[in-house]
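Listed here are the chains, written in short residue letters.
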Amino acid sequence: MASIKDVAAEAGVSVATVSRVLNSHPSVSPAARTRVVAAIESLGYRPNAVARSLRTDQTRTLGLVISDVLNPYFTALARSVEEAARALGYSVIIGNADERPELQDHHVRTLLDRRIDGLLVSPTDGGSPLMLDTARSSTPMVFVDRWIPGVDVPVVRADGREAIRDLVAHLHGVGHRRLAIIAGPAATTTGSERVEAFREALRSYGIPLPDSYIGQGDFQADSGRRATERFLALPEPPHVIFAADNLMALGALDAIRAHGLRVPDDIALAAFDDIPWFVHTDPPITAIAQPTGDLGRAAVQALVDRIEGRRPQSVTLPARLVVRRSCGESPTDQRSNP
């Protein structure tokens, strides 16, 4: 591998001149710059990123800690973050918390040790001491999708309340009156917010949400399966199960089919977090979609703004209801709310 000394010798200049060219210093003459660039291309020289970071105090690297890499929503979010960061000249190191606060802290600690320029986090809980200390430190930080209440960090997220109201209105219009929800962890903002939005929407139609119709999940498929098993064992099972994320919806679908029941003939199913394979199930699943690509791009831009000394505002984007056929809709009723 060619060194900076090799480039200097090839171009007939000093090592200091090569360094100035690499750092876009204006004092280098056009002729010398041309020779250095030609030597770099000829030798295939690649600057040492670690050495450069020590000089500039920047690594051009962002950290992203997501809640669950196996969740298709977070996979898509990570991809949009990586694409947006690359367009701005940054690389991304991704840590998968697997919905475990201790693993989240491990990744945050590791990323900070690697001298990242900024950190994007989708918190798995209400805030560990490490997360709170990091938020208060000089490390630029942005929360994406989830957040920690009371912490002064910009948040980029989707607001699902209106879409949940649209879903309940749609279910009521189809004729459903016994509606249950599989909730995410109460320690997460998305877990608690979706339950409350569902409860409020039901209240507007005079529909109660008894405790027996609230299944406690953890955003994993197994919890959706267990909650559905409990719903189906009730003397009056619900007409509809609304899973507060896509993996819990998958678990719910497995349990429904294991009982020999059909969607939507025997029980209806809807989900938060639309994903591509929902259109391929039989029937296609009615779901609430989040603007994943826009969220990733907005989160990266907010973080880069913080890195460069600006004060970005939090960003809230709307989610939308995508009506398919898993709740008793007719084939002509499929639509997507703008």
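Higher on the page you've got the structure.
Everything numeric here is computed off the predicted structure, so don't read it as measured data.

1. Describing the sheet that holds strand S2 (residues 91-96)
Thought 1: On the basis of which strands lie adjacent, the open sheet formed by six strands has the order S2-S1-S3-S4-S5-S11 and parallel pairing. Lying at the two open borders of the sheet, with one neighbouring strand each, are S2 and strand S11 (315-318). Along the sheet, successive strands turn relative to each other by an average axial angle of 20°, direction set aside.
Thought 2: Inspection of the sheet shows strand S1 (residues 61-66) paired to strand S3 (residues 118-121) by four bridges, in the parallel sense. Residue pairing in the sheet places Leu64 in a bridge with Leu120 of S3.
Thought 3: Of the strands in this sheet, S1, S2, S3 and strand S4 (141-144) are in contact with helix H5 (residues 72-87), which crosses S1 at around 170°.

2. Things to note about the side chain of Thr292
Thought 1: Considering the arrangement of structural elements, one finds Thr292 in helix H12 (residues 292-307).
Thought 2: In this structure, Thr292 is in contact with Tyr73, Ala76, Leu77 and Ser80, ignoring residues within four places of it in sequence.

3. Quick look at the environment of Glu99
Thought 1: For Glu99, the location among the structural elements is in the loop between S2 and helix H6 (101-113).
Thought 2: You can call Glu99 buried: its relative accessible area is 16%.
Thought 3: Linking Glu99 and Pro185, residues 86 residues apart in sequence, is a C-alpha distance of 9.6 Å.
Thought 4: In this structure Glu99 touches Ser67, Asp68, Thr124, Arg146, Asp218, Phe219 and Gln220, once residues within four positions along its chain are discounted.
Thought 5: Here the side chain of Glu99 touches Arg146 through a polar contact of 2.8 Å, side chain to side chain.

4. Some details on the environment of Leu269
Thought 1: Inspection of the secondary structure assignment puts Leu269 in strand S9 (residues 268-272).
Thought 2: Note: C-alpha distance between Leu269 and Pro284 (15 residues apart in sequence) is 9.9 Å.
Thought 3: Those residues within four positions of Leu269 in sequence are excluded, and the remaining contacts are Ile241, Ala249, Ala252, Leu253, Val263, Ile285, Thr286, Ser326 and Cys327.

5. Side note on the packing of aromatic side chains
Thought 1: Taken as a whole and judged by the stated rule, the model has three aromatic pairs.
Thought 2: Consider the rings of Phe198 and Phe242, whose centres lie 5.3 Å apart with planes at 35°: the pair is tilted. With Phe198 in helix H9 (residues 189-203) and Phe242 in strand S8 (residues 240-243), the pair connects residues that are 44 residues apart, well separated along the chain. Like Phe242, Phe198 is buried.
Thought 3: Aromatic side chains Trp277 and Phe278 sit 4.7 Å apart centroid to centroid with 80° between the ring planes, which places their arrangement in the edge-to-face category.
Thought 4: Across the ring face of Phe272, the terminal group of Arg194 is positioned such that the distance to the ring centre comes to 3.8 Å.

6. Here we look at the nonpolar core
Thought 1: Ranked by size, the top nonpolar core spans 50 residues in total, and within it Ile182, Phe198, Phe242 and Ile288 carry the most contacts.
Thought 2: When residues no more than four places from it in sequence are discounted, the contact partners of Phe242 are Ile164, Leu167, Ala180, Ile181, Ile182, Phe198, Ala270, Ala271, Phe272 and Ile288.
Thought 3: Within the second largest apolar cluster, 25 residues are counted, among which are Ala78, Ala85, Val144 and Val304.

7. Describing unusual backbone geometry
Thought 1: Following Val263, the chain continues into Pro264 via a peptide bond in cis, with omega recorded as 0°.
Thought 2: Within the secondary structure, Pro264 is located in the loop between helix H11 (246-258) and S9.
Thought 3: That bond from Asp282 to Pro283 is cis: its omega, 0°, falls within 30 degrees of zero.
Thought 4: Within the secondary structure layout, Pro283 lies in the loop between S9 and strand S10 (286-289).

8. So, the pairing of S10
Thought 1: The alternating pattern of S10 places Thr286 and Ile288 on one face and Ala287 and Ala289 on the opposite face, and all of these are buried.
Thought 2: Examined bridge by bridge, S9 and S10 share three bridges and lie parallel to one another. Following the sheet pairing, Ala271 is matched in S10 by Ala287.

Parameters at a glance
Residues numbered from 1 in each chain as written. Predicted model: local features only at pLDDT ≥ 70, side-chain atom pairs only at ≥ 80, totals over all residues. Heavy atoms only, no water. Pairing = 2+ DSSP bridges. Helix = DSSP H or I, 4+ residues; strand = E, 2+ residues; numbered from the N terminus. Axes fitted to C-alpha atoms, helices over the stretch in contact; angles between N-to-C directions. Contact = heavy atoms within 4.5 Å. Buried < 20%, exposed > 50% of the residue type's maximum accessible area, 1.4 Å probe, protein only. Polar contact = N/O pair within 3.5 Å; in protein donor to acceptor, adjacent residues only side chain to side chain. Phe/Tyr/Trp six-rings, centres within 6.5 Å; stacked < 30°, edge-to-face > 60°. Lys NZ or Arg CZ within 6 Å of the ring centre and 35° of its normal. Core = buried A, V, L, I, M, F, W, Y, C linked by side-chain atoms within 4.5 Å.

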